[in-house]
Amino acid sequence: MPVQDLVYEIQYNILKSESMSDYKVNFREMKSRVGIDDIAYALGYRLDRKAGVGRYIELVLGEGGNRRDTLIVSHPNDKAAQTFFRRDGSKGDVVTLIRENISSFTVSGKDEWQKIAKVMARFANMPEPEYMEDREYVKSAGKSSGVFDASRYEVKPVDTEKIPGLFFQRGLSKATVTALSPFISLIRDRKNGKFEGYNVGFPYTDGKGNEIRGYEIRGHGGYKSKAAGTDSSSSAWVAVPSGISPDNVRSVFFCESAFDAMAFYQMNRIQVGDSVALVSLGGTFSDRQITGVMERFPNARAFDCFDNDLAGRIYGLRMMALLEGIQMKIGRTDSGIRIEAKGKVFEPDMGRPLLAQVARHLNIRYRMGQWLPPKAFKDWNDCLMNRPLEPVISPHKEEREQNLSEQRNKGRKI
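So, about the nonpolar core. One finds Val252, Phe254, Val293, Phe297, Met319 and Met328 to be the most contacted residues of the largest nonpolar core, which totals 37 residues. Of all the secondary-structure elements, those providing two or more residues to this core are strand E11 (236-239), strand E12 (251-255), strand E13 (276-280), helix H10 (287-296), helix H11 (310-324), strand E15 (328-332), strand E16 (337-341) and helix H12 (354-361). At seven residues, H11 tops the list of elements feeding residues into this core. Residues within four places of Phe254 in sequence aside, it is in contact with Val279, Leu281, Ile290, Val293, Met294, Ala302, Phe303, Asp304, Cys305, Phe306 and Met319. Leu172, Met262, Ala263 and Tyr265 belong to the second largest nonpolar core, which has 32 residues in total.

Below, the structure is given as structure tokens:
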């Protein structure tokens, strides 16, 4: 029995009351019948088809600018094996998701575990509701996308004399694209009858760097996806512009997308020199992605070049914890994040460099550096294109005093 299932059953048996002595719950059996997707769909999440269907699917709550949550779910066609994670670092299984949303289900019980068991029992016999179309889409796509199939894609190299306009739209120069062209392809999905053209593909390779395990795909109109079956758990886009051997690489720069990594390289090419590698995680973060890349470059130091947002800062902390060998728990708070590690609990100031703040509480060896985008920009590609974040304008003193006066007046009773 998986350790997590055993923990659930032990906790349940401890918490259940005497009147529940005949109520038997086998969480392992329940999880084989109730998936994370079952619970998520019932809570209003829907499949994000643009994110692709493979080893992972993305289920989103809310639409457009009102998107309130995203779950990245593994093993979409195997309920028993399903787990989920969010880009803020939180993760869990179907029991975790039910616990997070227990108030959304009209069940009664003498304790939390009895309520969870009732929810799972209910869903085990629940008929398929209106999300059947999404489920069928995942099932049909999953038949051919569980493992990356290179024969599904037509791939050709980038012609540096006819560079696709998409790169220039992203502010990337011909020199940058030419330098990185050995690590970029043009890719066409033979099974996509609606689009006959080519997109830009950034090949994912495993820790040994000798086998393509999928592609990060970008196209016009903001299109982004991954090739079906892409291994996002242990592979990543890795480029060594100078072509030197892995043993001679001294710095590895981790970004959230390949365009960010290319922009970083273009803006800092002189400073970083030739003994560098560029890495894109493709919008996901897996421990094995980080450790696998660093095993490839045994003499290098990793650098956090992630985005200037909460998810980016959490990615950086998770990478630092991995490379430093620190067991770290990161949680969200109203003002930012809360860190628990080595018996200490602290909430860093999100407006200041996190590495230095962590070092004041924990003994770290600085195996990771940071080379973050300037504060005015969300990521390196926005910086290259000079697209700053919308400024937060503080009111002048007179406006603040007027606002305070209005609030006081509203509170007076006549």
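On we go from here.
With that out of the way, let us pick up unusual backbone geometry. Although it is not a glycine, Lys342 adopts a positive phi angle of roughly 50 degrees. By the secondary structure assignment, Lys342 is in the loop between E16 and strand E17 (344-346). A positive phi is found at Asn386, a non-glycine position, where the angle reads about 55 degrees. By the element assignment, Asn386 lies in the loop between helix H13 (380-384) and helix H14 (397-411).

We now examine the pairing of E15. Of the pairings in the sheet, the one linking E15 to E16 comprises five bridges and is antiparallel in character. By the bridge assignment, Ile330 is partnered in E16 with Ile339. A loop of four residues connects E15 with E16, the two strands running antiparallel in sequence.

The next subject is the packing of H11 against H12. Running from N to C, H11 and H12 cross one another at 45 degrees; their axes reach a closest spacing of 11 Å. Judged by the angle between their axes, H11 and H12 are oblique. As H11 packs across H12, the resulting crossing turns out to be right-handed. Together, Arg313, Leu317 and Met320 of H11 and Leu354, Leu355 and Val358 of H12 make up the contact between the two elements. Within the contact of H11 with H12, the residues separate by chemical class into five nonpolar, no polar and one charged.

The next thing to look at is the pairing of strand E8 (residues 199-205). Of all seven residues in E8, seven are buried; the element is thus mostly enclosed. The side-chain alternation of E8 yields two buried faces, one formed by Asn199, Gly201, Pro203 and Thr205 and the other by Val200, Phe202 and Tyr204. Bridge count between strand E7 (residues 185-189) and E8: three bridges; the pairing is antiparallel. What sits directly across from Ser185, in E8, is Gly201. Of the pairings in the sheet, the one linking E8 to strand E9 (residues 212-218) comprises six bridges and is antiparallel in character. The partner of Tyr204 across the bridge, within E9, is Gly214. Summarising the sheet, E8 and E11 pair through two bridges and their orientation is antiparallel. Counterpart to Tyr204 in the pairing with E11 is Trp237.

Below, the discussion takes up the state of the cysteines. Enumeration according to the criterion identifies zero disulfides in this entry. Here Cys255 stays free of any disulfide, with the sulfur of Cys305 as its closest cysteine sulfur at 4.6 Å. The class for Cys305 is buried, based on a relative accessible area of 2%.

Pairing within the open sheet is antiparallel, and its three strands lie in the order E15-E16-E17. Of all strands in the sheet, those bounded by a partner on one side alone are E15 and E17. Pairwise comparison of adjacent strand axes, ignoring direction, gives a mean angle of 15 degrees for this sheet. This element, H11, spans E15 and E16 of the sheet and lies at about 170 degrees to E15.

Moving on, we come to helix H5 (residues 112-124). Helix length check: H5, at 13 residues, gives a terminal C-alpha distance of 18 Å against a target of 18 Å (1.5 Å per residue), a fit within 8%. Taken as a whole, H5 has its buried residues at Trp113, Gln114, Ile116, Ala117, Val119, Met120, Phe123 and Ala124.

Another aspect to go through is the packing of aromatic side chains. According to the stated counting rule, one finds 14 aromatic pairs in the structure shown. Measuring from ring centre to ring centre gives 5.3 Å for Phe285 and Tyr315, while their planes differ by 35 degrees; the resulting arrangement is tilted. Remark: Tyr315 occurs in helix H11 and Phe285 occurs in the loop between E13 and H10; sequence separation between them is 30 residues. Judged by relative accessible area, Phe285 falls into the buried class, the value being 4%. Classification of Tyr315 by relative accessible area gives buried; the value is 1%. Pairwise contacts between aromatic rings join Phe253, Phe264, Phe303, Trp371 and Trp380 into one cluster. For Lys156, the ring lying beneath its charged end belongs to Tyr198, and the centroid distance is 4.1 Å.

Cut-offs and rules
- Residues numbered from 1 in each chain as written.
- Predicted model: local features only at pLDDT ≥ 70, side-chain atom pairs only at ≥ 80, totals over all residues.
- Heavy atoms only, no water.
- Core = buried A, V, L, I, M, F, W, Y, C linked by side-chain atoms within 4.5 Å.
- Buried < 20%, exposed > 50% of the residue type's maximum accessible area, 1.4 Å probe, protein only.
- Helix = DSSP H or I, 4+ residues; strand = E, 2+ residues; numbered from the N terminus.
- Contact = heavy atoms within 4.5 Å.
- Pairing = 2+ DSSP bridges.
- Axes fitted to C-alpha atoms, helices over the stretch in contact; angles between N-to-C directions.
- Parallel < 35°, antiparallel > 145°, perpendicular 65-115°, else oblique.
- Left-handed = near helix turned anticlockwise from the far one by under 90°.
- Nonpolar A, V, L, I, M, F, W, Y, C, P; charged D, E, K, R; others polar.
- Disulfide = S-S within 2.5 Å.
- Expected span 1.5 Å × (residues − 1).
- Phe/Tyr/Trp six-rings, centres within 6.5 Å; stacked < 30°, edge-to-face > 60°.
- Lys NZ or Arg CZ within 6 Å of the ring centre and 35° of its normal.

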